[in-house]
Amino acid sequence: MSYNLLKGKKGIISGALDESSIAWKVAMRCFEEGAAITLTNAPIAMRMGKIKDLATAVNAEIVPADATSTEDLKKLFQRAMEIHGGGIDFVLHSIGQSPNVRKEKPYTDLNYDFYAKTLDISATSFHKMIQAAYQLDAINEGGSIAALTYIAAQRTYPNYNDMADAKALLESIARGWGYHYGIRKKVRVNTVSQSPTYTTAGSGVTGFDVFYNYANSLSPLGNATADECADYCVVLF
């Protein structure tokens, strides 16, 4: 059911790969609530996923951008403002990847070149994204920026590997920018910690089934679904 909660608002959604992606669910819910959105993802992810199907479903233009490239991110915001005829009201950062996890390198034997890439892709990209918006004055006063995080930023989950470090950095960046952007334009910066979810990225974590079932039994309400996470993001926007 739609309540037109985002009617008249314009946003950028990053990281949608396929129907199991939380970013995909968020894009669909934002569209259902009346928002006009621009989609973005890395060029390689666009070739692997189904983002073109999502773009058709939500009537959105796709602007390819490498989230580790400051130049690409500036072009993303500039193009989004051209598309929407003005400033942006909300942004979702849903970007994360660990070469160490993909290569099955344990936390006790990390490849540090991979580690640097993990932090750059999964966390520093958030700083770069917000800085690009800030310097271009791309986000309207009272706007909202949200990033997806995980409880492993604050608790020990061994199999989450160096992604836990990346999420801790991501949350610190949110606090820092929450101050600076809040002072300047009352832009809110938040992170959303989702329950274990069977996304393409999440299910790649070793022992994910045990991880999922443990969290589900621990929570009085069970694990939140990706759709419920999307609903929450809509409220933040």
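The coordinates are above.
Residues numbered from 1 in each chain as written. Predicted model: local features only at pLDDT ≥ 70, side-chain atom pairs only at ≥ 80, totals over all residues. Heavy atoms only, no water.

K.L.:
Quick question: what am I supposed to make of the overall build of the protein chain here?
P.N.:
Broken down by element type, the protein chain carries 9 helices and 6 strands. In terms of C-alpha radius of gyration, the protein chain reaches 17 Å, essentially the compact-globule figure of 18 Å for 237 residues. A buried classification covers 49% of the 237 residues belonging to the protein chain. Counting only contacts in the protein chain whose residues sit at least 6 apart along the sequence, the fraction spanning at least 24 positions is 73%. Total accessible area computed for the protein chain in this model is approximately 11,700 Å², and 51% of it derives from carbon and sulfur atoms. Distance between charge centres in the protein chain, computed from 23 positive and 24 negative side chains, equals 4 Å. (Helix = DSSP H or I, 4+ residues; strand = E, 2+ residues; numbered from the N terminus. Rg over C-alpha atoms; globule rule 2.2 N^0.38 Å. Buried < 20%, exposed > 50% of the residue type's maximum accessible area, 1.4 Å probe, protein only. Contact = heavy atoms within 4.5 Å. Areas by Shrake-Rupley, 256 points an atom, 1.4 Å probe, with all protein chains shown as cover. Lys, Arg positive; Asp, Glu negative; His and termini not counted. Charge placed at Lys NZ, Arg CZ, Asp CG, Glu CD.)

K.L.:
Help me understand the pairing of strand S1 (residues 10–14), please; the structure alone is not making it clear to me.
P.N.:
The side chains of a regular strand alternate between the sheet's two faces. Within S1, 5 of the 5 residues are buried, which leaves it mostly tucked inside the rest of the structure. Burial along S1 is two-sided: Lys-10, Ile-12 and Ser-14 facing one way and Gly-11 and Ile-13 facing the other are all buried. Judged from the 5 bridges that link them, S1 and strand S2 (residues 36–40) form a sheet pairing that is parallel. Looking across to S2, one finds that Gly-11 is bridged to Ile-37. For the crossover that starts at S1, traverses helix H1 (residues 22–32) and ends in the parallel S2, the hand is right-handed. Pairing analysis gives 3 bridges linking S1 to strand S4 (residues 88–93), with the strands arranged parallel. Bridge pairing in S4 places Gly-11 opposite Phe-90. (Pairing = 2+ DSSP bridges. Right-handed = clockwise from strand over helix to strand, strands pointing away.)

K.L.:
Is there a simple way to explain H1 in this structure?
P.N.:
Note on helix geometry: an α-helix contains 3.6 residues per turn, so any two residues three or four positions apart are oriented the same way. Regarding H1, the residues found buried are Ile-22, Ala-23, Trp-24, Val-26, Ala-27, Arg-29 and Cys-30. If you follow the buried residues of H1, they end up packed against S1, S2, helix H3 (51–58), S4, strand S5 (139–149) and helix H9 (226–236). Gly-34 sits one or two residues past H1 and shows a positive phi near 100°.

K.L.:
What is the right way to read the pairing of S4 from this model?
P.N.:
Of all the 6 residues making up S4, 6 are buried; the element is thus mostly covered by neighbouring parts of the structure. Direction of pairing for S4 relative to S5: parallel, over a ladder of 5 bridges. Bridge pairing in S5 links Leu-92 to Ala-146.

K.L.:
What should I look at first to understand the sheet that holds S4 in this one?
P.N.:
Think of a sheet as strands paired side by side through backbone hydrogen bonds, with each pair either parallel or antiparallel. Across the sheet, which stays open at both edges, the 6 strands sit in the order S3-S2-S1-S4-S5-S6 with parallel pairing between neighbours. Two strands lie at the open edges of the sheet, namely strand S3 (61–62) and strand S6 (188–193), each paired on one side alone. Packing of helix H6 (residues 112–136) onto the sheet brings it into contact with S1, S4, S5 and S6, and relative to S4 it is tilted by some 170°. (Axes fitted to C-alpha atoms, helices over the stretch in contact; angles between N-to-C directions.)

K.L.:
Quick question: what am I supposed to make of the side chain of Ser-14 here?
P.N.:
Its location among the elements puts Ser-14 in strand S1. By relative accessible area, Ser-14 is classed as buried at 2%. Here Leu-92 takes part through its backbone oxygen, which lies 2.7 Å from a polar atom of the side chain of Ser-14. Leaving out residues up to four positions away in the same chain, Ser-14 has contacts with Ala-23, Thr-40, Leu-92, His-93, Ser-94, Ile-95 and Met-129. (Polar contact = N/O pair within 3.5 Å; in protein donor to acceptor, adjacent residues only side chain to side chain.)

K.L.:
What exactly am I supposed to notice about the nonpolar core here?
P.N.:
Note that soluble globular proteins tend to have their nonpolar side chains buried in a common cluster. Counting 39 residues, the largest nonpolar core has Phe-77, Val-91, Phe-126, Ile-145 and Tyr-160 as the members making the most contacts within it. For this core, the secondary structure elements donating two or more residues are helix H4 (70–84), S4, H6, S5, helix H7 (163–185) and helix H8 (208–218). Counting 31 residues, the second-largest nonpolar core is a separate cluster that includes Leu-6, Ala-35, Met-46 and Ala-146. (Core = buried A, V, L, I, M, F, W, Y, C linked by side-chain atoms within 4.5 Å.)

K.L.:
I would appreciate a short explanation of the environment of Asn-4 in the present structure.
P.N.:
Tracing the backbone shows Asn-4 in the segment before S1. Along the sequence, Asn-4 and Asn-190 sit 186 residues apart, while their C-alpha atoms lie 22 Å from each other. Here Asn-4 is in contact with Glu-33 and Gly-34, once residues within four sequence places are set aside.

K.L.:
In this structure, what is going on with a nonpolar patch on the surface? I would like to understand it.
P.N.:
Taken together, the side chains of Met-1, Tyr-3 and Leu-5 make up a nonpolar region of the molecular surface, amounting to roughly 420 Å² of accessible area. With respect to the helices and strands, Met-1 occurs in the segment before S1. Met-1 gets classed as exposed once you look at its relative accessible area, which sits at 78%. (Patch = residues over 30% accessible without salt bridge, like charges linked within 9 Å, V, L, I, M, F, W, Y side chains within 5 Å. Salt bridge = Lys/Arg side-chain N within 4 Å of Asp/Glu carboxyl O.)

Everything listed here is a matter of geometry and, on its own, says nothing about what the molecule does.
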